[in-house]
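Here is how the chains run, residue by residue.
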Amino acid sequence: MPTHQQPRPDPQSRAAGPAAGGPAAAGGTAVVVVAAGSGTRLGLGIPKALVPLGGRPLLAHALDGVIASGVATRIVVVLPPGDTELVGVCAGYAPAHPIHTVTGGASRTASVRAGLDAAGPGIDHVLVHDAARCLTPGWVFSGVVEALRAGADAVVPAVPVVDTIKSVVASASPRIGPEIVAGTHERSTLRAVQTPQGFRLGRLLAAHAEASTWEADRAVSVTDDAALMEAVGETVYVVPGAPESLKITTRIDLLLAETLVSNGYEEQS
Ligand SMILES: Nc1ccn([C@@H]2O[C@H](COP(=O)(O)OP(=O)(O)OP(=O)(O)O)[C@@H](O)[C@H]2O)c(=O)n1
Ligand SMILES: C[C@](O)(CO)[C@H](O)COP(=O)(O)O
């Protein structure tokens, strides 16, 4: 069944939280929020997680969403090296919601690895979430956790692709145009993948360990954790994502996010 035709889960079901458990939920669920990126494409000269949205840093919106979802037994935030401000944002959630902070690396994959190392004892499942997807609704977190509890070792939320996607190669006549089309993908099979991506912690750690032995160019082309799981032969399940779970990458994304916040989307999620 296409993901977009699946029913939207009842938001009340998230109140069950991690203790409710299921066949595959013996231990806790850690949420690793990766927030160590520099925000080069946004171009505001400050780490993206610190950029204000509706007057509060992106990271605060992301943490509000994680906490409201009720799925986390432990929250780990991965921060840029040398940060002094985002650590204060995290400290503001204590004592009700203690946030564990660690320093990230030069790539998203390195930052995720640092977060996984801090997942702590008694954790079965981990959700890896981009701080840049700071408006993700709680029902997306719940949907990922439900699939893990039903027995999946890897789960991604996704939405159908609305553009026609083509592969390209370098053109032999750059005077006319730099690239030519090499093929057109069947759109009905394509999904735009979001975060939080959920995993059985041991399996994701094993995939990261395997990836650390790869050649640099292969490792650099990995843009999400699910791709590491795919590369080691794991089955990755897909559950519904949300359009408002956009990744704030460029100025136009920030403008859209400002509009969503000022129209009360967070309160509705
Ligand atoms: N070394 C890195 C790079 C990225 N991220 C995180 O991974 C998520 C997705 O990355 P992206 O949106 O590309 O963020 P930036 O790396 O900050 O953006 P840019 O590439 O424009 O610099 C973000 O929450 C970002 O903070 C991270 O923790 N560590
Ligand atoms: C993980 C991700 O958000 C899934 O869509 C995406 O791959 C991150 O890409 P980025 O280039 O590191 O922002």
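Located above this text is the structure these notes cover.
Residues numbered from 1 in each chain as written. Chains lettered and ligands numbered in written order. Predicted model: local features only at pLDDT ≥ 70, side-chain atom pairs only at ≥ 80, totals over all residues. Heavy atoms only, no water.

(A) Molecular detail of the site of ligand 1. In the region of ligand 1, 18 residues are neighbours, and V34, G39, T40, R41 and S111 sit closest. About the coverage of ligand 1: the protein hides 86% of its 570 Å² of free accessible area. Within the shell around ligand 1, the residues separate by chemical class into six nonpolar, seven polar and five charged. (Near = heavy atom within 4 Å. Areas by Shrake-Rupley, 256 points an atom, 1.4 Å probe, with all protein chains shown as cover. Nonpolar A, V, L, I, M, F, W, Y, C, P; charged D, E, K, R; others polar.)

(B) Seen up close, the site of ligand 2. Close contacts around ligand 2 come from R41, R108, D130, R133, V193, T195, T223, D224 and K247, and that covers them all. Measuring from an oxygen atom of ligand 2, one finds a side-chain N or O atom of K247 at 2.6 Å. When the free accessible area of ligand 2 is taken as 360 Å², the share hidden by the protein chains comes to 77%. A breakdown of the residues in the shell around ligand 2 according to their chemical character gives one nonpolar, two polar and six charged. (Polar contact = N/O pair within 3.5 Å; in protein donor to acceptor, adjacent residues only side chain to side chain.)

(C) Here's a closer look at the pairing of strand β9 (residues 179–184). For β9, the buried fraction is low: zero of the six residues fall into the buried class. One ladder, built from five bridges, connects strand β8 (residues 166–170) with β9; its direction is antiparallel. Bridge pairing in β9 places K166 opposite T184. (Buried < 20%, exposed > 50% of the residue type's maximum accessible area, 1.4 Å probe, protein only. Helix = DSSP H or I, 4+ residues; strand = E, 2+ residues; numbered from the N terminus. Pairing = 2+ DSSP bridges.)

(D) Local environment of the nonpolar core. Among the nonpolar cores identified, the biggest contains 28 residues, and V33, L59, L63, V77, I99, L127 and V155 are the most heavily contacted of them. Looking at this core, the elements that each hand over two or more residues are β1 (28–34), α1 (58–69), β4 (74–79), α2 (86–91) and α4 (138–149). Among the elements that line this core, the one with the most residues is α4, at five residues. Listed in part, the 23 residues of the second largest apolar core include A30, A118, V126 and L228. (Core = buried A, V, L, I, M, F, W, Y, C linked by side-chain atoms within 4.5 Å.)

(E) Summary view of helix α8 (residues 251–262). For α8, built from twelve residues, the straight-helix expectation of 16 Å at 1.5 Å per residue is met to within 8% by its first-to-last C-alpha distance of 17 Å. At its buried positions, α8 is contacted by β2 (52–53), α1 and α9 (265–268). The positive-phi residue at the C-terminal boundary of α8 is G264, with phi of around 80°. (Expected span 1.5 Å × (residues − 1). Contact = heavy atoms within 4.5 Å.)

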